Each structure stands twice: as C-alpha cells, then as structure tokens.
Amino acid sequence: MNEYVIYADSSCDTPDELLDKWGVKRIEHTFRFTDSPEIYNNSDMTPHEFYEELRAGRDAKTSAINPDIYKEYFEAELKEGRDVMYLSFSSGLSTTYNCARVAAAELAETYPDNKVVVADSLCASTGYGMMLRLMLDFIEAGHTLEEARDFVDGKKRHICSWFTVGDLNYLKRSGRVSGVAAFVGTALGIKPVLHMDNDGHLVSVSNVKSKKKAIASIVEAFGELVEDINEGPYYLCHSDCPEDAEALGAALHEAYGIEIELTGEIGPVIGSHCGPGTFAVFFIGKER
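The structure reproduced in this document is the subject of the present report. (Residues numbered from 1 in each chain as written. Predicted model: local features only at pLDDT ≥ 70, side-chain atom pairs only at ≥ 80, totals over all residues. Heavy atoms only, no water.)

1. As for the overall build of the chain
Helix and strand counts for the chain come out as 11 helices and 13 strands. In summary, the chain has a C-alpha radius of gyration of 19 Å against a globular reference of 19 Å for 288 residues, a match within 12%. The burial tally for the chain puts 52% of its 288 residues in the buried class. Contacts spanning at least 24 positions in sequence make up 74% of the contacts within the chain whose residues lie at least 6 apart. (Helix = DSSP H or I, 4+ residues; strand = E, 2+ residues; numbered from the N terminus. Rg over C-alpha atoms; globule rule 2.2 N^0.38 Å. Buried < 20%, exposed > 50% of the residue type's maximum accessible area, 1.4 Å probe, protein only. Contact = heavy atoms within 4.5 Å.)

Now the structure itself:
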C-alpha cells in the first residue's frame, strides 16, 4: 500500500488533540450566524461561546462543502504521492459524501497511480468519531484502504446513536421535526428521544415529559440493543450541558456497569442544527 493520509471532517466532534494523536487531518465545515455574512469554523470559537450566542437569540446555519474544495484538500496529498482515505459525515444529513465522491472521481483521471477512497460513516458527532476510531484500528491491523471502506460499510449500521435535545425548535429549523410538533412539544415541555436510522437520518422514537425519563428511555434502549456489554467502546457527547451527559453516563454505569471512554463536545457545525441542551450516547449494537 502506498503512503496514505486519513481525512475526517469537523462534524466528528472529536477533540483536536485526539485526532492529532490518531494522525487524522480535518476538513473544515463552516457556519455563520444568519444576522452576519462572516463565515466561521469550529476552531473560531469554543462550543460554550457559540451556544451562548444561540441562547441570546441568534440563529446559525451551515454550508455544504462543494467538490472543488474537496479536490483542493485531496489533490495536495496526491501531488506528494500519498493516497487518501476520507470518512465522511452521514450522507443522510448532508451532501458531503456525494461531493467527496465527485471530487475523487475527477482526480482519478489526473492521478492514476494514486487513489482517493471515500467511505460514508452514516454517523454524526462523536458517533462519527467512534466509526473513525474503529476504521483506524482496522487499517492499522494491516488492511488496505479499500478493505477499510468495506469494513465501514459493514459496521456503520451497528453504530447506535441515541439522544435527546434541549429545544425542539432547532430540529424544526433544520427540518428534523415538523413546525406543529415543535410548537406542541415546546409548549408541553416534551423531551423527544431520537436515534439515527439505517439511512443516517434522525428519527424520533418517543416523547417523554422530563429529562429524567428521557435518560431512562435511552438507558433502556441501550440494554436492548448493545451487542456485547463487555466490549465497548462507549462514547457520549453534549452541547454545552456536561452535567446531563454525566447523568446519562452515571445511569448507564449503574444499570450495566459500563465505563465511558470518551465524552465529546458538540461543536458549532453540528450544534447549529441541534442547539444547546443535546446529549447522546454512542455504542455498537446488534442493530440500530
């Protein structure tokens, strides 16, 4: 196998120092506040600073990366004789995977001796980071980049993502729930329990009346779906509500004796769609 480089993007919500340790390069997705033309990426402000802006009433939106931007990232590596492996954000939530594939196909004509291999994680946030870690372990065990893509294709629908949000209106703005559901849910104090389905979409599973009941529902789902309670890894994430993530982790530990390996912060790119107060658990399940 040629010398290669691994790329992920900023939607994986994995600490930079950990990505650096893993040797993973980042493709920066961007966001902006709707009252300003200025463009930002996740490194331009801390998650807490971003969510404080949302709490103050500002709205944020993201922009997809087009194939030309992917070509710039990938071609810089190909010119140096390196192959590229890119694990993308879920194709069920973004066009990034398809745009990266377009870029890879165009570059294949110019650089026939090297390759760009693109895999769809069908995951988001720290669940995406978990799929990335599993893929890296597979490659480090001596497998080719094409074999790693096949590994991702076989594994991704076993990465379970279960979560709740602080405000349904953020999901409404990003098209995840209807306006009526968001209005009624907010008025009644409903806490939705959601997960990611086999197509990488966010799906509402149930509605409960409190954060405590949402945690209980997630803990119950974990017990029903987890593939091997003794294996892991187990990841959490949150959008500026560390105490909620800690409560979920504690409930999982009390129920099943598991230890959380990583708790990630949801950065502004993902946070533009879910808002503050979101927390989630990610694990390998028998199914999603």
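Picking up where we left off.
2. Focus on the sheet that holds strand E7 (residues 116–120)
Here four strands make up an open sheet; going across it, the order is E2-E1-E6-E7 and the pairing parallel. Single-partner strands in this sheet number two, and they are strand E2 (24–27) and E7. Shown here is a sheet whose adjacent strand axes are inclined to one another by a mean of 25 degrees, direction ignored. Where strand E6 (residues 83–88) meets E7, five bridges bridge the pair, whose relative direction is parallel. Bridge pairing links Ser88 to Asp120 in E7. In the packing of helix H4 (residues 96–110) onto the sheet, contacts are made with E6 and E7, and the angle to E7 comes to roughly 165 degrees. Those strands touched by helix H5 (residues 125–140) are strand E1 (4–9), E2 and E6, and its axis lies near 170 degrees from that of E1. (Pairing = 2+ DSSP bridges. Axes fitted to C-alpha atoms, helices over the stretch in contact; angles between N-to-C directions.)

3. A few points about the packing of H5 against helix H6 (residues 145–155)
Interhelical geometry of H5 versus H6 gives an angle of 140 degrees and a closest axis separation of 10 Å. Comparing the axis directions of H5 and H6 gives the class oblique. Where H5 crosses over H6, the two elements pack in a sense that is right-handed. Counted together, Met131, Leu134, Met135, Phe138 and Ile139 of H5 and Leu145, Glu147, Ala148, Phe151, Val152 and Lys155 of H6 form the full contact between these two elements. The residue inventory of the contact of H5 with H6, partitioned by class, reads nine nonpolar, no polar and two charged. (Parallel < 35°, antiparallel > 145°, perpendicular 65-115°, else oblique. Left-handed = near helix turned anticlockwise from the far one by under 90°. Nonpolar A, V, L, I, M, F, W, Y, C, P; charged D, E, K, R; others polar.)

4. Overview of H4
Each α-helix turn comprises 3.6 residues. Residues three or four places apart therefore point the same way. Look at H4: 22 Å from first C-alpha to last across 15 residues, which is about the 21 Å you get at 1.5 Å a residue. All of the buried residues in H4 are Thr96, Tyr97, Cys99, Ala100, Ala103, Ala104 and Leu107. The buried residues of H4 all sit within an arc of 160 degrees when viewed along its axis, so they share a single face. Where H4 is buried, its residues touch helix H3 (67–78), E6 and E7. (Expected span 1.5 Å × (residues − 1). Arc of directions from axis to C-beta.)

5. Points about the environment of Pro242
Relative to the helices and strands, Pro242 resides in helix H10 (residues 242–256). Judged by relative accessible area, which is 36%, Pro242 ranks as partly exposed. Separated by 37 residues in sequence, Pro242 and Phe279 place their C-alpha atoms 8.3 Å apart.

6. Brief notes about the packing of aromatic side chains
Using the criterion set out here, one finds 15 aromatic pairs in the structure. Aromatic pair Phe74 and Tyr86: ring centres 5.8 Å apart, planes at 55 degrees, arrangement tilted. With Phe74 in helix H3 and Tyr86 in strand E6, the pair connects residues that are 12 residues apart, well separated along the chain. In this structure, Phe74 and Tyr86 share a single accessibility class: buried. Aromatic rings pair up to connect Tyr7, Tyr70, Tyr73, Phe74 and Tyr86 into one cluster. Residue placement shows Arg58 over the ring face of Phe33; its charged tip is 4.0 Å from the ring centre. (Phe/Tyr/Trp six-rings, centres within 6.5 Å; stacked < 30°, edge-to-face > 60°. Lys NZ or Arg CZ within 6 Å of the ring centre and 35° of its normal.)

7. Re the nonpolar core
Proteins that are soluble and globular tend to have nonpolar side chains buried together. Membership of the largest hydrophobic core comes to 70 residues, with the highest contact counts inside it found for Tyr70, Phe74, Tyr86, Leu132 and Met135. It is H5 that provides the largest number of residues to this core, a total of nine residues. One finds Cys160, Leu236, Leu252 and Phe279 within the second-largest nonpolar core, a separate group that totals 21 residues. (Core = buried A, V, L, I, M, F, W, Y, C linked by side-chain atoms within 4.5 Å.)

8. Re the pairing of E1
Of all six residues that make up E1, five are buried, and the element is covered over most of its length. Two strands pair when backbone bridges link them, and E1 and E6 are joined in this way by four bridges, in the parallel orientation. Residue pairing for E6: Val5 is matched across the bridge by Val84.

9. Topic: the pattern of salt bridges
This structure, assessed with the given rule, holds 14 salt bridges. We note a salt bridge from Lys156 to Asp153, for which the minimum N-O separation is 3.0 Å. By relative accessible area, Lys156 is classed as buried at 6%. Judged by its relative accessible area of 36%, Asp153 is partly exposed. With its nearest N and O atoms 3.2 Å apart, the salt bridge here joins Lys211 to Asp244. Placement of Lys211 in helix H9 (residues 211–225) and of Asp244 in helix H10 is noted, with a sequence separation of 33 residues between them. A single salt-bridge network, built from bridges that share partners, covers Asp16, Asp20 and Arg26. (Salt bridge = Lys/Arg side-chain N within 4 Å of Asp/Glu carboxyl O.)

Read these as layout, nothing more, since geometry by itself doesn't imply function.
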